[in-house]
Amino acid sequence: MKLQRKNRLRALSLGAIAVSGALALTACGSDDNGNTNAGGKSTASAGAGSIKCDNAKGQLLSDGSSAQKNAIDAWVKNFSQACGVQINYKAGGSGAGVTAFTQGQIPWAGSDSALKPEEVAATKKVCNGGQGIDLPMVGGPIAVGYNVNGVDNLVLDAPTIAKIFDSKITKWNDPAIKKLNPSAKLPDLKIQAFHRADDSGTTDNFTKYLIATTPDNWKYSGGKSWQAKGGQSAPQSSGVAQQVKQTNGAIGYFELSYVGDGVKAVSIDTGASSPVAPSTDSATKAIADAKIVGTGKDLSLQMNYKTKADGAYPVTLVTYELVCDKGNKADTLPAVKAFLTYIASEDGQKVLTENDYAPIPDEIIAKVRTTIAGLS
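A brief report on the enclosed structure follows. These numbers were taken from a predicted model, which means no experiment stands behind them. (Residues numbered from 1 in each chain as written. Predicted model: local features only at pLDDT ≥ 70, side-chain atom pairs only at ≥ 80, totals over all residues. Heavy atoms only, no water.)

1. A look at the environment of Tyr-209
Consideration 1: Structurally, Tyr-209 can be placed in helix α7 (residues 201–213).
Consideration 2: When its relative accessible area of 3% is taken as the criterion, Tyr-209 is described as buried.
Consideration 3: Tyr-209 sits 13 residues away from Gly-222 along the chain, and the two C-alpha atoms are 9.8 Å apart. (Helix = DSSP H or I, 4+ residues; strand = E, 2+ residues; numbered from the N terminus. Buried < 20%, exposed > 50% of the residue type's maximum accessible area, 1.4 Å probe, protein only.)

Next up, the structure:
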């Protein structure tokens, strides 16, 4: 089943949309090491033959989004083998990455949310003559993963998801869930909802979806910190996924690569012709409906969480790499530039699709490549 699913996702992604995309960042020192991710999928590398090292050397330290961590392992393995550069990406969450970057502790960071105006202002103190910019590098569906014995297929909509994560729906046989799943054998079992304990861009994007689609049921302001009532917390995407995996009756949110090995993914009723399951293809269709709203060299995107397009999965995030457009430190610039060039390349794209992440559409990634070439 797992091999069939992986082949299906790859065929959908490559066959439906011809894109070239990228991914980000690093692995050593993150919370899950090795060559398999939390969903049990291989992170074996591919397409590393044309990496251009230029003057890259030494070591790089970075931090940020854990949502991109599973693909990062493969990127770092390829780049380090080709160029001899050691990269340590801590995957401590988007909040930690943004803080470290704006304080000048690391040369670039990963974040599932674009820099806020006050954060951009802070970067001007560490980017000599420049400022921090957002480079979209990888897309991915935020899967609503669950573990309920005997329930292999589950459909939810935005109001129901909001009520579950706000502790207003507390049993799996609640009438609202039964209405969406008339043929499922839903147990009289307590729902155990898990959310991120750390500041997280995944939380930010997940709650942006709820705010946009069901404001009457999600009255929180949103952001990287979890605000809703009740529930249980765990650190990083890997921690939430692990709790869901080991707890019958659990539900949580994390990137698609953590689905599998006991964790199933919810299909979402968006109002389209049929419920949409998370996949690389359905996420790329959602990203294609996004708009570039950044100015200058900044390429931040605005997602359409209300999309009702057939086959478009609405809870989709884009991971940004945060870097100075000008004023990068001379000792790290060559390695940072070479690494970002690789992950934005077509070879980088090949690794991306194999790890259940969605590619960035052509017109956007082309601008990313041009911007990286001009970093100074």
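2. Looking at helix α2 (residues 69–83)
Consideration 1: Given a rise of 1.5 Å per residue, 15 residues ought to cover 21 Å, and the 20 Å separating the end C-alpha atoms of α2 matches this to within 8%.
Consideration 2: Extensive coverage of α2 is indicated by the burial of eleven of its 15 residues.
Consideration 3: Buried within α2 we find Lys-69, Asn-70, Ala-71, Ile-72, Asp-73, Ala-74, Trp-75, Val-76, Asn-78, Phe-79 and Cys-83. (Expected span 1.5 Å × (residues − 1).)

3. Digging into the state of the cysteines
Consideration 1: Per the stated rule, a full pass over the model turns up two disulfides.
Consideration 2: Here Cys-127 is linked by a disulfide to Cys-324, with a sulfur-sulfur distance of 1.9 Å. Between Cys-127 and Cys-324, the disulfide has an S-S torsion of -70° and is therefore left-handed. Separated by 197 residues along the polypeptide, Cys-127 in the loop between α4 (117–123) and β4 (132–147) and Cys-324 in strand β13 (residues 316–324) bring together distant segments of the chain.
Consideration 3: A relative accessible area of 0% places Cys-127 in the buried class. (Disulfide = S-S within 2.5 Å.)

4. Examining the side chain of Thr-332
Consideration 1: Here Thr-332 is to be found in the loop between β13 and α10 (333–343).
Consideration 2: Of the residues examined, Thr-332 reaches a relative accessible area of 14% and is grouped as buried.
Consideration 3: If near-sequence neighbours (up to four positions away) are discounted, Thr-332 is found in contact with Leu-60 and Pro-107. (Contact = heavy atoms within 4.5 Å.)

5. What about unusual backbone geometry?
Consideration 1: Located in the positive-phi region is Ser-167, a residue other than glycine, with phi close to 65°.
Consideration 2: Tracing the backbone shows Ser-167 in the loop between α5 (158–165) and α6 (175–180).
Consideration 3: The class for Ser-167 is partly exposed, based on a relative accessible area of 35%.
Consideration 4: One non-glycine residue, Gln-236, lies in positive phi territory at about 60°.
Consideration 5: Following the sequence through the fold, Gln-236 ends up in helix α8 (residues 236–246).

6. With respect to the pairing of strand β2 (residues 86–89)
Consideration 1: Here β2 shows a clear split, with Ile-87 and Tyr-89 buried on one side and none of Gln-86 and Asn-88 buried on the other.
Consideration 2: As judged from the four bridges shared by strand β1 (residues 59–64) and β2, these two strands associate in the parallel manner. Bridge pairing in β2 links Ser-62 to Tyr-89.
Consideration 3: For the segment spanning β1, α2 and β2, crossover handedness is right-handed. (Pairing = 2+ DSSP bridges. Right-handed = clockwise from strand over helix to strand, strands pointing away.)

7. Notes on the packing of α5 against α7
Consideration 1: Running from N to C, α5 and α7 point in directions that differ by 125°, and their axes come no closer than 10 Å. When the axis of α5 is compared with that of α7, the two are oblique. Here α5 runs over α7; the crossing is left-handed. Between α5 and α7, the contacting residues are Ala-158, Ile-161, Ala-162 and Phe-165 on the first element and Phe-206, Tyr-209, Leu-210 and Thr-213 on the second.
Consideration 2: For the contact of α5 with α7, the per-class residue count stands at seven nonpolar, one polar and no charged. (Axes fitted to C-alpha atoms, helices over the stretch in contact; angles between N-to-C directions. Parallel < 35°, antiparallel > 145°, perpendicular 65-115°, else oblique. Left-handed = near helix turned anticlockwise from the far one by under 90°. Nonpolar A, V, L, I, M, F, W, Y, C, P; charged D, E, K, R; others polar.)

8. Remarks on the nonpolar core
Consideration 1: Within the largest apolar cluster, 94 residues are counted, with the highest numbers of intra-cluster contacts made by Phe-79, Phe-165, Phe-206 and Ile-251.
Consideration 2: When residues in this core are grouped by element, the largest group, eight residues, is from α10.
Consideration 3: Excluding residues within four positions of it along the chain, Phe-165 makes contact with Val-144, Ala-193, Phe-194, Phe-206, Trp-218, Trp-226, Ala-228, Lys-229, Ile-251, Gly-252 and Tyr-253.
Consideration 4: Val-240, Val-244, Tyr-258 and Val-263 belong to the second-largest nonpolar core, a separate cluster that totals twelve residues. (Core = buried A, V, L, I, M, F, W, Y, C linked by side-chain atoms within 4.5 Å.)

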